[in-house]
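# Structural features, examined
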Amino acid sequence: MKHNLSNILIGLGSVLVLAALALFSYNQKEAAAAEQAAMELLPRLMEQIASNQSAYDEQNPSENAEHLTDPYSTVMNTLSVDGHDYIGYLMIPKLRIEMPIMSQWSMENLRITPCRYTGSVGGDDLVLMGHNYDRGFGQLPQIEVGDEVYFRDVNGFATTYKVVAMDILAATSVEEMVSGEYDMTLFTCTYGGQNRLTVRCEKTV
């Protein structure tokens, strides 16, 4: 009897190990696909943004390109690439990250790029979310207070932020996540998905 129970436990253990390996493999493939998608999307998005800048400069030669859009507007313009709308792209020099940001979040969209969860640059309450892929928001734990983060919108307006705090929030702490206390927030799941690693940023003056 004991021998049979031992065999059953060994069998269950083997099944769990195989399931964990399969899940890990799936996650790795999904992360690689997302990285490839972002690498292909970003140059095209940048090209369209540069085109917007050039068109604006031709029509308004006396204006500086940094003022292509109203920095206080709470409406974020979008550009469409491959049927998805983007609000711009995020740059984190410390992590060597440049990533397009999709306008609206969904589980399907998050498999391609990080997304806007809520808020805007002009409203000083922009919240961006992304999966914890190794080449994406999975690197956020390496960020430190004082590091710089940049966001360039689809009209070419560049905003510089500095990391001022890092938190671990419960998945249910939605109000705290979107409170608007910080100019920009980046967040991703911790491993296991129970909590949210949260990076708080303020605009630099």
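Please read all numbers here as calculations on a predicted model, not as lab measurements. (Residues numbered from 1 in each chain as written. Predicted model: local features only at pLDDT ≥ 70, side-chain atom pairs only at ≥ 80, totals over all residues. Heavy atoms only, no water.)

### Re the nonpolar core
One broad trend across soluble globular proteins is that nonpolar side chains are buried collectively. Formed by 23 residues in total, the largest nonpolar core has its most connected members in Leu 90, Ile 92, Leu 140, Val 149, Phe 151, Met 184 and Leu 186. Elements with a contribution of two residues or more to this core: β2 (84–92), β3 (97–102), β5 (126–129), β6 (148–153), β7 (158–170), β8 (184–189) and β9 (195–203). Here Leu 90 is in contact with Ile 97, Glu 98, Met 99, Ile 101, Leu 128, Phe 137, Val 149, Tyr 150, Phe 151, Met 184 and Leu 186, once residues within four sequence places are set aside. By size, the runner-up hydrophobic cluster in this structure holds 19 residues, among which are Leu 45, Met 102, Ile 112 and Met 129. (Core = buried A, V, L, I, M, F, W, Y, C linked by side-chain atoms within 4.5 Å. Buried < 20%, exposed > 50% of the residue type's maximum accessible area, 1.4 Å probe, protein only. Helix = DSSP H or I, 4+ residues; strand = E, 2+ residues; numbered from the N terminus. Contact = heavy atoms within 4.5 Å.)

### Details of the environment of Arg 116
With respect to the helices, strands and loops of the structure, Arg 116 is situated in strand β4 (residues 115–118). Overall, Arg 116 belongs to the buried group, its relative accessible area being 14%. Between the alpha carbons of Arg 116 and Gly 130 there is a distance of 8.8 Å; along the sequence they are 14 residues apart. Apart from residues no more than four positions distant in its own chain, Arg 116 is found in contact with Met 76, Ile 87, Ile 101, Met 102, Ser 103, Gln 104, Trp 105, Leu 126, Val 127 and Leu 128.

### As for the environment of Thr 204
In this fold, Thr 204 is placed in the segment after β9. For Thr 204, a relative accessible area of 33% gives the class partly exposed. Distance in space between the C-alpha atoms of Thr 204 and Lys 162 is 6.3 Å, their sequence separation being 42 residues. Setting aside residues no more than four positions away along its own chain, Thr 204 makes contact with Thr 160, Tyr 161 and Lys 162.

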